[in-house]
Each structure stands twice: as structure tokens, then as C-alpha cells.
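Descriptive analysis of the structure
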Amino acid sequence: MSTEEAKKVHTDDLFKKLSSSEKGLSSSEAEKRLQQYGANEIPEKKVNPFLKFLSYFWGPIPWMIEAAVVMSAIIGHWPDFGIITLLLMMNAVVGFWQEHQAGNAIGQLKKRLALKARVLRDGKWQEVPAAYLVPGDMVRLRLGDIIPADVKLVAGEYLLTDESALTGESLPVEKHASDVGYSGSIVKQGEMNALVVNTGLNTFFGKTTKLVEEAKTQSHFQKAVVKIGDYLISMTIALVVLIFLVFLFRGQSVLDILQFVLVLTVAAIPAALPAVLSVTMALGAMALAKKEAIVTKLVSIEEMAGMDVLCADKTGTITQNSLTVSALETIGKFTQDDVLLYGMLASREEDQDPIDNAIIAKSRENEKIAETVKTYTVVNFKPFDPVIKRTEATLEGKNGKKFKASKGAPQVILSLVKDKEKIADEITQVVEAFAEKGYRALGVAKADEEADWRFVGLLGLQDPPREDSAETIKAAETMGVKVKMVTGDHIAIAKEISREVGLGTNIVLPSAFVDKHDVQAREVVEEADGFAEVFPEHKYDIVKALQSANHIVGMTGDGVNDAPALKKADAGIAVSGATDAAKSAADIVLTKSGISVIIDSIRESRKIFQRMNNYSIYRMAETIRILIFITSSILIFQFFPITALMIVLLAILNDLPIITIAVDYVRHSELPEKWDMRMVLGIATVLGIFGVLSTFGLLYIGLVLKLELPVLQSFIYLKLSVAGHFTVFMARTRGHFWERRPAMPLLLAVVLTQLTATLITVYGILLPAMGWGLALLVWGYAIVTELFLIDFIKVWFYRSLGTPE
């Protein structure tokens, strides 16, 4: 059956079920129906918790530990078998719990972004979560709304809906009274009342689609982390193969060799990497939510950290979005009262449109106008459309005569009248005079029954800059973020507002870059301080041009037509009060107005990036330390410096606590973050190689003291464990480790794990005992060589590259 046939059958089924009136449900009846039909939502695919837990027990990295367990059983090393199995279970429990907590955090954020619906309940319009809609509810659908359920359209002129999510067809579909609107469709034009017929799984969307996990695209930073993982694994495999061949040449047991190289591989591979990534991102998203920025796509946090150009809407972001009518100008014989009267007649209070509210508020200050408005009846009303840029009302007076009133962009209103050539210069002069004062001009016109339009006058609307805009923009520039203002207003208004907030006055029109050669368009867009008289589709062109110049671009938007640009941008930002369509396309949704929220989000994103960068340096340095030291010991000294069990203890006790780096104290960078593989590899190699030399130094001391092999292995194990966590403190700063204190969770994790490592070596728990004397010697040696000597080498290395703290 084709899509159209399926829709026809489904539509007929809806009409048969339709049995509710158009007066709205009572709260009690709505509650009953909610119990009967269930919530208006398609439940997410549930994952069996037990199977999820098993995925941690038998995953892409734990399987190598399990192979080592099997080998221990085959060769009869039962203590190793029991201990490694226990540690593996601990790893599975911690990994499962951390991801569960991260999932709960993201789930809470998603609840804050739940769709809302305007519904008629108890005889009055109110806003409720879309999940609480029930069949029989009367809802109001407006431009930019995502239709919350399957509905029958009952009142209004028309809707133009985007059903591409259902049919794959990009052309909008026109709908009228008695047509069906489908859940998930986006209202592109028009406004109508509709009756809810089906909800949740009973909707057309719910019946014909299968929920699948959203494809997770890799961000720039995640790709870099994968490269690090590939590098570590490649190095591990090369050295492990070398060790394996040497063992075979020396005639050692193949099973013993396999057990050792398997656990050595485990120690080298970054097992905690997925957990550190997910927890860091989830906690970062929670931190951003406290700053009124809700993350819808976690990878966007990384893109925000690297953003170097922010295209910000003027209205509501740079300005207060608090419009007032500050000036009136008449055309011809009309009076200022006429301008206000027809402007108010072309407005509708229930829409809560900022422009309408400003005009209505100004009109009500005039009692005469307020009384005159009551004598007219609205026969039909066409709400504002971002394409035609005007509203239109058809009215009827007490004498039965009909006429029309319209308000909108001056050039649009001017195009309606017959004498446009005569008054065009006058209109232009008024618009420019308004613009020089920072006023936005709005044209008002009226027409008789024969649609003979006459220009009544112009309203001057003022939306002043926010008090913190200039200061915030200056702060953004010091952080390496170039702010470019985007507005649909007249270029003169844009220049005035841009001047007031310190952005510069190189404001360009779309004609300067649309339909131009790519190189020319890129140069114009890069050099511009802002863009005026912009339509939503121009935003997409702006983002495309900036990205072609290798910029990481953030774009703000609020309307349904902003969705393509928000998706195209590296960081799409839906501003406070954005339409549902804009929110669904955006990576980050702001719940508070103003540009300062965005800048705070950039700072927080850079902190998150720093935490990931610090972990990467630590992980790479540790792999170099362990692999090169063990390989060199086997090849040069022909003995195992540590046992397979000790390697597993290092992998579990040292790596899992590092997940607390997700809440570590860091300083955000003053420049956009860019993955510098040369720097990371360089500093990790320095820490790793000098760490190997330090460990060989302690090994020499152990040989001088003539320690027995089991005790010597415990001696070296404790050094590797303690020095490993000291590396965390060195990796987290470019200056000396003491210049920035670690967060308490990280410090406690290090103290507790190293106390555990010390006790098991001192008292012989799991490992051969060596006593407090040798343990204190290890601690003293590690503090001197690692925290001071190697830390000074690290600082020198950074300074030699010109990148100090």
C-alpha cells in the first residue's frame, strides 16, 4: 500500500472515531480520557537492564580480561582466576552505574524540552504538555508548531504543513477545515483550531514508523579521541607481538605467554574512555542547564568549545525584545489616531505577538480608539507570515460594510497600494529617519470592499539593546569569538544597534553575497560585522559561507524557517521562546534571553573540552609508561617486572577512579579550542618516557637492595600505581601541578585508590607483602621524581613550545 493510500485509510478511520464536540473538554473528562488512552507519546525502546549489565561484562574491551580469566583456569592459576573475575565484576558494576546515571541526567534535560500545546479546557485556552493531550481536546495550531497529535482541522482559513518526516516529500501540504493534520508535521503557514483524534502509538506516525536510535555523528573532538585510541592500540599490538615472539624464542609456555600478553593489552588500552566521555558530557550538559542552556545533542558541547564565529539574532538576543511604539507618522490625509486604529485592527491579542502587544498597549492609552475598536467585528484574520511579512484582517462595521486592515514591512505594505510611485520617496524618508533613531518602521494600510488599498501611515517600534550586550560582546571578542548580528530589520536600524553595542557598522545586505561566486561570498560574509534585511533562508547561506572558510559557526534562530540554518551550523542555538520546529533542529535550546547565556555556554563547553584533553594526555602517557617499561624489562633484564594480576589491578584501580576528572576544576581557554594532536602526543610522550626512566631508577634501587623477585614485583607495582595517579595531577595543568587545586572528588579518588594499593602491598593482600619501609621508600621516590623533577621538565617543554599556562 502506498503512503497516500495508507493516509486515506487512516483518515477515514479517524472520522469514524470522531465523536467529540468543539467546545473543549473539562479537566475531569480529560483526566478520564488520559487514563483510557494513555499518554500522548511514543515510548522509547527499552533495554533490558540485565543485558545492559552483561554488555559491560562482555564488551569490546572486557573480553580480553575474560580471555585472561579462561587462560588462568586452563593453566591452574586459581588465585588469579578468582581475583580477576571479581575485579571484572566490579568493572561491570561501576560502568553500568555510571552510564545509568548519565542517562538519567540527559533524560531530565529532555523533559524540560517536552512539547507544549495550546488546548481549550474548561472553556478557556491554556498551555499544557503535549503528552497530556487526549482525543477530543481542542488545540490551536500556529506557525512553527509541531502538530502534537493526529487532529481534524475545524476552524480557520488554512494551514501549510511540512509532512516530510512522514512521507519524505519536501513540498508543503495545504490543508483546510475537515482535513487531517498528522502528528510530527510542522506548521509552515497559517493558523487553525483542531480537534485531537488519535494520540501516542495510535497516531499515523506511531503506526507507520519504527523507533530507532538516533544516528550518533562523531564531532571533531570525538574523531580525535578515536585517533588516540587507534594509536594506543597499534602501539600495544606491536609491542605485545614483540614480547610474544621473545617468549616463544626463550621456550616459555604458550599458555603463560597468552595470559600475560592479554592482561598487558588490557592495561594499555583505554578501557575507561567511553565512560569518561559519556559522564563528562552528561555532567557538562547538567552544568549548562543551570546556565539556562539545554543541550539536545551532546556532541554540540564540543562544537561550542571550538566556535569562533557566532551569528546572533538582533531581536531578543542582542536587544531586549520589549517593543514599544515610540513614533507615529501619517501619509496623506490620515491622522495619527487612524494609524493606531488600523494598526490595532490588524493585530490580535490572543496570539501574544510582541509587535501586536506593543500596538495594542499603545492604542489602549487612547480611550477613543479603544471604544472605536469595539464597534468592528473581525470576519477573518490572517496571522503574520515570515514570507509575505504582513498580517491582514477583514472587518465588518455596524453598518454592515466590510473593509480590510493590514500591517507589516513598509515595502510590503507599499506594494499593495496603487499610488506607490507617488509616495515611495516619502515612505523611504520616514523609514530612514526612524532607522537613524534605532526605530523599526511598520507600515499600516486599509482597503475598501473592492480591495483598493491606501497607505495610512507608519509606526516606529523601538527595541533597545540589553544592558549587558555591549559588555558581553566585548568579552566574546576577548575569547576569540567574532559576533555577527543578524536581523530582518532595515540596514540603518542594524547599523545603529550595532554601533550601540560595539560591533562595528560594516552591515551588509543579502544581495552582497547571495548568488555570488563562492570566493566573493565568503570574503563578504567573513568581513561583515552583521547582516540586515535578512530572510530566514539567507541564514543558511551565511553559515555555509563561513564554514567554507574553516570557521566553527554558531547560529541562533527562533522561527520555523530558521531550522535549515540551525541544522547546518556547527552549533545551532534556539533562543528563548523559539518555535517547536526551531527547538527540534537546534543543538542547544536557551531558556533565558540574551547573548550572555550563549557566552556562558561557550565558557562551560571549553571547560569540558579541557577535561577531555587532560584525560587524553594522562591515558597516552600511562600507556607509554607501562608498555615500554614492561617490554624493556623483559628484553633487557629477562624477567617479569610485574605479574598479570598486578597489571589487572593497575587497569581497574587506576583507570576507573579517573572518571572523576569529569568534575575537575579547570580554566576555560581564552581562545576557541582546537584539537592539537602534536601538543598532546608531545607532552604525553615526555611524561611517559621520563616516567619509564624514573621506574627503571627504582628498579635499580630494588636490585641493589637485593629484593626477592615477588617482593620486587610488589615494589614496582606500587611505584607504577602511585606514579600513574601523579601523572593525572601533572597532565591537568601546563604550569606546576600545585598551581591549581584538583576537585575534591578527584583528590579523594586518588587518595583512596593509592591507599588501597599501598595496603595490599604492605600487608600482602592479593600480592606479596613488602612492609611499610619499602612502601614509604616508593612514595618518597615517586614524589621527588614524578611530582617535582618530571613536573619541572613538563613546564619547560610547554614553555619551549610557546604555550605556557
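Residues numbered from 1 in each chain as written. Predicted model: local features only at pLDDT ≥ 70, side-chain atom pairs only at ≥ 80, totals over all residues. Heavy atoms only, no water.

1. Regarding the overall build of the chain
We count it as follows: Each helix is a run of DSSP H or I of at least 4 residues and each strand a run of E of at least 2, with the numbering of both proceeding from the N terminus. Only heavy atoms enter the contact rule, under which two residues are in contact if any of them lie within 4.5 Å. Every accessible area reported is derived by Shrake-Rupley at a probe size of 1.4 Å, with residue values counting cover from the shown protein chains alone.
A count of helices and strands for the chain gives 29 helices and 21 strands. Here the contacts in the chain between residues at least 6 apart in sequence split such that 73% fall between residues at least 24 apart. Of the roughly 35900 Å² that the chain leaves accessible, carbon and sulfur atoms contribute 57%.

2. Focus: the sheet that holds strand β9 (residues 309-313)
Formally: Strands qualify as paired when DSSP identifies two bridges or more between them.
The strand order across the open sheet built from eight strands is β8-β21-β20-β19-β9-β16-β18-β17, with neighbouring strands paired in mixed fashion. Each end of this open sheet is capped by a strand with a single partner; those strands are β8 (293-295) and β17 (507-508). Bridge count between β9 and strand β19 (residues 553-557): three bridges; the pairing is parallel. Following the sheet pairing, V309 is matched in β19 by V553.

3. Quick look at helix α18 (residues 469-478)
Let me state the cut-off plainly: Relative accessible area decides the class of each residue, using a 1.4 Å probe on protein chains only: under 20% of the type maximum gives buried, over 50% gives exposed, and in between gives partly exposed. Taken from the helix axis, the directions to the C-beta atoms give the arc we talk about.
By the burial criterion, the buried members of α18 are S469, T472, I473 and A476. Along the axis of α18, the buried positions cluster into a sector of 100°, meaning they face one direction only. In α18, the exposed residues that point more than 90 degrees away from the buried face are E471, K474 and T478. On its buried side, α18 packs onto α12 (314-318), β16 (482-486) and α24 (595-637). Just past α18, the residue G480 takes up positive phi, approximately 80°.

4. Quick notes on the side chain of T391
Tracing the chain through its elements places T391 in strand β12 (residues 390-396). In contact with T391, other than residues within four places in its own chain, are A346, F381, K382, P383, F384, A405, S406 and K407.

5. Points about the pattern of salt bridges
Operational definition: Only one rule defines a salt bridge in this text: a Lys or Arg side-chain nitrogen within 4 Å of an Asp or Glu carboxyl oxygen.
All chains considered together, the criterion is met by 20 salt bridges. Its salt-bridge partner being D600, residue R603 comes within 3.0 Å of it at the nearest N-O pair. Within this pair, R603 and its partner D600 are both found in helix α24, separated by three residues, close to a single helical turn. Relative accessible area serves as the criterion here: at 28%, D600 is assigned to the partly exposed category. R625 is the partner of E786 in a salt bridge, and the nearest nitrogen-oxygen pair spans 2.6 Å.

6. Brief notes about the pairing of strand β20 (residues 571-574)
Every regular strand shows the same layout, with side chains that alternate between the two sheet faces. Of the two faces of β20, the one carrying A571 and I573 and the one carrying G572 and A574 are both buried. Of the strand pairs in this sheet, β19 and β20 are connected by four bridges, and their pairing is parallel. Bridge assignment links G557 to a residue of β20, and that residue is A574. In the sheet, β20 pairs with strand β21 (residues 588-590) via two bridges, with the strands oriented parallel. Within β21, the position partnered with I573 by the bridge is I588.

7. Quick look at the packing of aromatic side chains
Here is the rule we go by: Here the aromatic set is Phe, Tyr and Trp, taking the six-membered ring for Trp, and pairing holds for ring centres within 6.5 Å; pairs whose planes are under 30 degrees apart are stacked, those over 60 apart are edge-to-face, and all others are tilted.
Using the criterion set out here, one finds 12 aromatic pairs in the structure. With centroids separated by 6.2 Å and ring planes inclined at 50°, the aromatic side chains of Y615 and Y618 adopt a geometry described as tilted. On the criterion of helical spacing, the pair formed by Y615 and Y618 is a turn pair, its members being three residues apart in helix α24. Clustering of aromatic rings is evident, with ring pairs tying together F737, W738, F788 and F792.

8. Considerations on the pairing of β19
With five of five residues buried, β19 lies mostly within the body of the structure. The two faces of β19 match: V553, M555 and G557 on one face and G554 and T556 on the other face are all buried.

9. A closer look at the sheet that holds strand β14 (residues 439-447)
Going by this rule: Axis lines are fitted through C-alpha atoms, for helices just across the contact stretch, and the angle between N-to-C directions can take any value from 0 to 180 degrees.
Judged by pairing direction, the sheet is antiparallel, and its six strands sit side by side in the order β10-β15-β14-β13-β12-β11 without closing on themselves. Bordering the open sheet on either side are β10 (324-330) and β11 (377-382), each of which pairs with just one other strand. Averaged over all pairs of adjacent strands, the angle between their axes in this sheet comes to 25°, without regard to strand direction. Helix α13 (residues 336-345) contacts β10, β11, β12, β13 (402-408), β14 and β15 (453-462) of the sheet and is inclined by roughly 90° relative to β15. Against the sheet, helix α17 (residues 420-436) engages β10, β14 and β15, with an angle of about 10° to β15.

10. Some remarks on a nonpolar patch on the surface
Convention followed: Here the term patch refers to residues with relative accessible area over 30% and no salt bridge, with like charges joined within 9 Å and nonpolar side chains (Val, Leu, Ile, Met, Phe, Trp, Tyr) within 5 Å.
A cluster of nonpolar side chains, contributed by L755, L759, Y763, I765, L766, W772 and L776, occupies part of the molecular surface with about 700 Å² of accessible area. Taken together, the elements giving at least two residues each to the nonpolar patch come down to α28 (744-762) and α29 (771-800). With respect to the helices, strands and loops of the structure, L755 is situated in helix α28. A relative accessible area of 45% places L755 in the partly exposed class.

11. A look at the packing of helix α27 (residues 709-731) against α28
The criterion, for reference: Here the word oblique covers every angle except those under 35 degrees (roughly parallel), over 145 (roughly antiparallel) and from 65 to 115 (roughly perpendicular). Each residue is assigned to one class: nonpolar for Ala, Val, Leu, Ile, Met, Phe, Trp, Tyr, Cys and Pro, charged for Asp, Glu, Lys and Arg, and polar for all the others, Gly among them.
The interhelical angle for the contact between α27 and α28, taken along N-to-C directions, is 175°, at an axis separation of 10 Å. Overall, the two elements α27 and α28 adopt an arrangement that is roughly antiparallel. Seen from α27, the contacting residues are S714, Y717, L718, S721, V722, H725, V728 and F729; seen from α28, they are L746, L747, V750, T753, Q754, A757, T758, I760 and T761. A class-by-class count of the residues in the contact of α27 with α28 yields 10 nonpolar, seven polar and no charged.

12. Some details on the packing of helix α25 (residues 644-655) against α27
Stated formally: Working rule for handedness: look at the near helix, and if it is turned counterclockwise from the far one by less than a right angle, call the crossing left-handed; if clockwise, right-handed.
Between α25 and α27, whose axes approach to 11 Å, the crossing angle comes to 20°. Taken together, the axes of α25 and α27 lie roughly parallel to each other. Regarding α25 and α27, the two cross each other, and that crossing is right-handed. Contacts between α25 and α27 involve M646, L649, L650, L653 and N654 on the former and, on the latter, Q713, S714, Y717, L720, S721, G724 and H725. Considering only residue class, the contact of α25 with α27 consists of six nonpolar, six polar and no charged.

13. Side note on the environment of D385
Within the secondary structure layout, D385 lies in the loop between β11 and β12. With 197 residues separating them in the primary sequence, D385 and K188 have C-alpha atoms 8.8 Å apart. When neighbours within four sequence positions are excluded, D385 is seen to be in contact with Y158, Q189 and R390.

14. Quick word on the nonpolar core
Stated formally: Buried Ala, Val, Leu, Ile, Met, Phe, Trp, Tyr and Cys residues form a nonpolar core when they are joined through side-chain atoms within 4.5 Å.
Ranked by internal contacts, the top residues of the largest apolar core, which has 71 residues, are F629, I642, F715 and Y717. For this core, the secondary-structure elements that each account for two or more residues are α8 (220-249), α9 (254-268), α24, α25, α26 (677-704), α27, α28 and α29. Counting 36 residues, the second largest nonpolar core, distinct from the first, contains I301, M307, L310 and I588.

15. Let's talk about the confidence of the model for the chain
To keep things clear, this is the line we draw: pLDDT is a per-residue confidence score from the predictor, ranging from 0 to 100.
Residues of the chain with pLDDT of at least 70 account for 79%, and the chain-wide mean is 79. Within the chain, helix α3 (residues 49-57) has the poorest average pLDDT of any element, 44, and α13 the best, 93. Confidence over residues 6-10 falls short of pLDDT 50; this stretch has 14 contacts with residues more than four positions distant or in other chains. Note that residues 208-217 has pLDDT below 50 and, in this model, six contacts with residues that lie over four places away or in other chains.

16. Let's talk about unusual backbone geometry
One non-glycine residue with positive phi stands out, namely D515, at about 60°. Of note, D515 is situated in the loop between β17 and α20 (518-527). In this structure, K706 takes a positive phi of about 55° despite not being glycine.

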